[in-house]
Amino acid sequence: MKQKTAIVTGITGQDGSYLAELLLSKNYKVIGAKRRTSSFNTERVDHLFNDENFKLEFFDLNDVGSMYRLLQNHRPDEFYNIAAQSHVRVSFDIPENTVDGIAMGTLRILEAIRNVLPTCRFYQASSSEMFGDNPNYPYDEESRMTPASPYACATLFAHNLVRNYRESYGIFVCSGILFNHESPRRGETFVTRKITLAAARIKLGLQDTLYLGNLEAKRDWGYAADYVEAMWSMLQQEKPDDYVIATGQTNSVREFLETVFEHAGLDIKEHVKFDERLLRPHEVPYLLGDPSKAKEKLKWECKTTFDDLAKLMYEADLDYITKTELNKGE
Ligand code: NAP
Ligand code: F7E
């Protein structure tokens with residue numbers, strides 16, 4: 001069987017690294033597309049450099065030429081667009097950059113695929129943030145979308161574009177409406193990782209206080225390594241479609257904090273303080289997904305429980321901080 005080639009944008013991010021590992025394990029040639037940064041930021045994929053099927057190329061969501069070049073030079077079978085300025089709070093501070101990358105960046109890629117390689121299958125990283133403050137949960141693929149941030153508005157624009165290109169041009173394009181998914185590779189400013197990193201540092205005597213914003217927000221939290229399997233599976237179906245990917249369980253930020261601190265043997269009252277600067281201009285209060293369609297059509301289910309996720313992230317950070325901060329210089 002001919003070896004397949006996949007392009008993965010956002011390769012230096014959490015999902016990019018897990019998806020690259022999954023595709024390499026299935027014998028794909030993986031072209032990781034990264035933007036230029038002023039210092040090294042490839043630590044999540046450094047362990048893949050010696051794999052002859054893995055290659056990095058420069059790309060930017062704002063650079064249309066790089067998209068055409070990637071398609072012409074590599075003739076990929078599959079294109080996973082998971083690059084984005086993905087921080088919801090930050091999208092209120094840099095809305096234009098966030099929206100241009102997600103909305104116009106997706107349009108640029110779809111146009112390049114339509115013009116250069118319409119046989120290439122395409123995956124778009126849509127998000128549960130698109131449901132915003134719609135009070136009628138759980139959310140499935142048909143639920144009303146009332147986005148509550150520049151990030152979510154842009155993601156909904158890209159989501160609608162994908163459907164429009166599928167209907168208009170008959171190309172194989174899919175959106176995965178993924179609910180929050182976390183891991184030891186999660187960016188350090190997202191709340192779960194912020195909590196597990198701080199708990200590890202407090203446990204090791206390297207930090208005293210953790211500042212947090214709204215503890216009552218609820219999220220449907222799964223494990224990133226499970227979620228990339230759903231991305232791949234969508235592009236293997238007979239027909240392109242959109243799917244909600246979620247656990248079907250919701251927990252508050254407070255519950256995540258309690259689970260981690262209890263596991264670590266730490267007292268929340270002693271170490272956690274409220275900082276109003278961490279509140280958002282418009283909060284998404286409650287997210288709960290209904291992944292029935294993915295279960296039925298993709299045979300996909302999240303395998304990792306909320307408790308296991310919190311514990312595995314804490315244990316990984318305890319190990320990481322011990323090696324990088326506690327035993328530094330040894
Ligand atoms: P992440 O860790 O923040 O990674 C984002 C990636 O996009 C990074 O590689 C980043 O590069 C890259 N990027 C940002 N702006 C770019 C630009 N202008 N041009 C090229 N690359 C750019 O995000 P993630 O958690 O892996 O999520 C992957 C995707 O799924 C994102 O689109 C996110 O919005 C979406 N999503 C995430 C979740 C979740 O819970 N994780 C849920 C739903 C949807 P640098 O390393 O250089 O910053
Ligand atoms: O916030 C609250 C905050 O930043 C979760 C992105 O991957 O998932 C992610 O977006 C909740 C919010 O993730 C802090 O107010 C309290 O209610 O970890 P987060 P997010 O905003 O849900 C979706 C699905 C995506 O698509 C996004 O790309 O936690 N919260 N205190 C805090 N949040 C942060 N970041 N920091 C705090 O100190």
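Here is a short report on the structure shown in this document.

Quick notes on the rules
- Residues numbered from 1 in each chain as written.
- Chains lettered and ligands numbered in written order.
- Predicted model: local features only at pLDDT ≥ 70, side-chain atom pairs only at ≥ 80, totals over all residues.
- Heavy atoms only, no water.
- Near = heavy atom within 4 Å.
- Polar contact = N/O pair within 3.5 Å; in protein donor to acceptor, adjacent residues only side chain to side chain.
- Helix = DSSP H or I, 4+ residues; strand = E, 2+ residues; numbered from the N terminus.
- Nonpolar A, V, L, I, M, F, W, Y, C, P; charged D, E, K, R; others polar.
- Salt bridge = Lys/Arg side-chain N within 4 Å of Asp/Glu carboxyl O.
- Buried < 20%, exposed > 50% of the residue type's maximum accessible area, 1.4 Å probe, protein only.
- Pairing = 2+ DSSP bridges.
- Disulfide = S-S within 2.5 Å.
- Areas by Shrake-Rupley, 256 points an atom, 1.4 Å probe, with all protein chains shown as cover.
- Contact = heavy atoms within 4.5 Å.
- Core = buried A, V, L, I, M, F, W, Y, C linked by side-chain atoms within 4.5 Å.
- Axes fitted to C-alpha atoms, helices over the stretch in contact; angles between N-to-C directions.
- Left-handed = near helix turned anticlockwise from the far one by under 90°.

1. Re the site of ligand 1
As a matter of local geometry, ligand 1 sits amid 26 residues, with Thr12, Asp15, Arg35, Ser86 and Tyr151 nearest to it. Measuring from an oxygen atom of ligand 1, one finds a backbone N or O atom of Asp15 at 2.8 Å. Between Asn41 and ligand 1, the recorded distance is 3.0 Å, taken from a side-chain N or O atom to an oxygen atom. For the shell around ligand 1, the secondary structure elements donating two or more residues are α1 (14-25) and β5 (121-127). Taken together, the residues that form the shell around ligand 1 break down as 9 nonpolar, 13 polar and 4 charged.

2. Re the pattern of salt bridges
Scanning all chains against the criterion turns up 19 salt bridges. Put simply, Glu283 and Arg219 hold a salt bridge, and the shortest N to O gap is 3.5 Å. Taken together, the residues span a long stretch of sequence, with Glu283 in the loop between β13 (272-274) and α10 (292-298) and Arg219 in strand β9 (residues 218-219) at a distance of 64 residues. Classification of Arg219 as buried rests on a relative accessible area of 7%. In this structure, Lys303 engages Glu229 in a salt bridge whose closest nitrogen and oxygen atoms are separated by 3.2 Å. Placement of Lys303 in the loop between α10 and α11 (306-326) and of Glu229 in helix α7 (residues 224-234) is noted, with a sequence separation of 74 residues between them. The network of salt bridges with common partners includes Glu129, Arg219 and Glu283.

3. Considerations on the pairing of strand β6 (residues 173-178)
With 6 of 6 residues buried, β6 lies mostly within the body of the structure. In β6, alternate side chains face the same way, and those of Val173, Ser175 and Ile177 on one face and Cys174, Gly176 and Leu178 on the other are all buried. Judged from the 3 bridges that link them, β6 and strand β11 (residues 243-245) form a sheet pairing that is parallel. From the neighbouring strand, Leu178 faces β11, where its bridge partner is Ile245.

4. Notes on the state of the cysteines
Under the criterion given, the structure shown has 0 disulfides. Free cysteine Cys174: the closest other cysteine sulfur is in Cys120, separated by 11 Å.

5. Focus: the site of ligand 2
Taken together, 23 residues sit near ligand 2, with Ser86, Ser127, Lys194, Arg280 and Glu283 positioned nearest. Between an oxygen atom of ligand 2 and a main-chain N or O atom of Ser86, the distance comes to 2.6 Å. Separating an oxygen atom of ligand 2 from a side-chain N or O atom of Lys194 is a distance of 2.7 Å. Protein coverage of the free-state accessible area of ligand 2, which is 700 Å², stands at 95%. Looking at the shell around ligand 2, the elements that each hand over two or more residues are α6 (191-203) and β8 (210-212). Looking at the shell around ligand 2 residue by residue, the classes come out as 9 nonpolar, 8 polar and 6 charged.

6. Some remarks on the side chain of Thr196
With respect to the secondary-structure elements, Thr196 resides in helix α6. At a separation of 2.7 Å, a polar atom in the side chain of Thr196 contacts the side chain of Asp317. Excluding residues within four positions of it along the chain, Thr196 makes contact with Phe256, Val260, Ala310, Met313, Tyr314 and Asp317.

7. Quick word on the nonpolar core
If you look at soluble globular proteins, the nonpolar side chains tend to sit buried side by side. One finds Leu19, Tyr80, Ile195, Ile245 and Phe261 to be the most contacted residues of the largest nonpolar core, which totals 59 residues. Of all the elements, α7 adds the most residues to this core, at 7 residues. Excluding its chain neighbours within four sequence positions, the residues that come into contact with Phe261 are Ile195, Ala199, Ile202, Leu210, Leu266, Asp267, Ile268, His271 and Val272. If you look at the next biggest cluster of nonpolar residues, it comprises 23 residues, including Met67, Leu70, Ala112 and Val162.

8. Considering the packing of helix α2 (residues 64-74) against helix α4 (residues 95-116)
Two quantities define a packed helix pair, namely the angle between the axes and the distance from one axis to the other. Two numbers describe how α2 lies on α4: the axes approach to 9 Å, and their chain directions differ by 40°. α2 and α4 meet at a crossing whose hand is right-handed. Residue-level contacts link Val64, Met67, Tyr68, Leu71 and Gln72 of α2 to Gly105, Arg108, Ile109, Glu111, Ala112, Ile113, Asn115 and Val116 of α4. For the contact of α2 with α4, the per-class residue count stands at 8 nonpolar, 3 polar and 2 charged.

9. Notes on the environment of Pro76
Among the secondary structure elements, Pro76 is positioned in the loop between α2 and β4 (78-81). Spatially, the C-alpha atoms of Pro76 and Gly65 are 16 Å apart, while their sequence positions differ by 11 residues. Ignoring anything within four residues of it in the chain, the contact list for Pro76 reads Thr5, Ile7, Leu70, Leu71, Leu117 and Cys120.

10. Some points on the side chain of Arg166
Looking at the element boundaries, Arg166 is found in helix α5 (residues 150-169). With relative accessibility at 11%, the residue Arg166 sits in the buried group. Those residues within four positions of Arg166 in sequence are excluded, and the remaining contacts are Ile171, Val173, Cys174, Pro240, Asp241 and Asp242.

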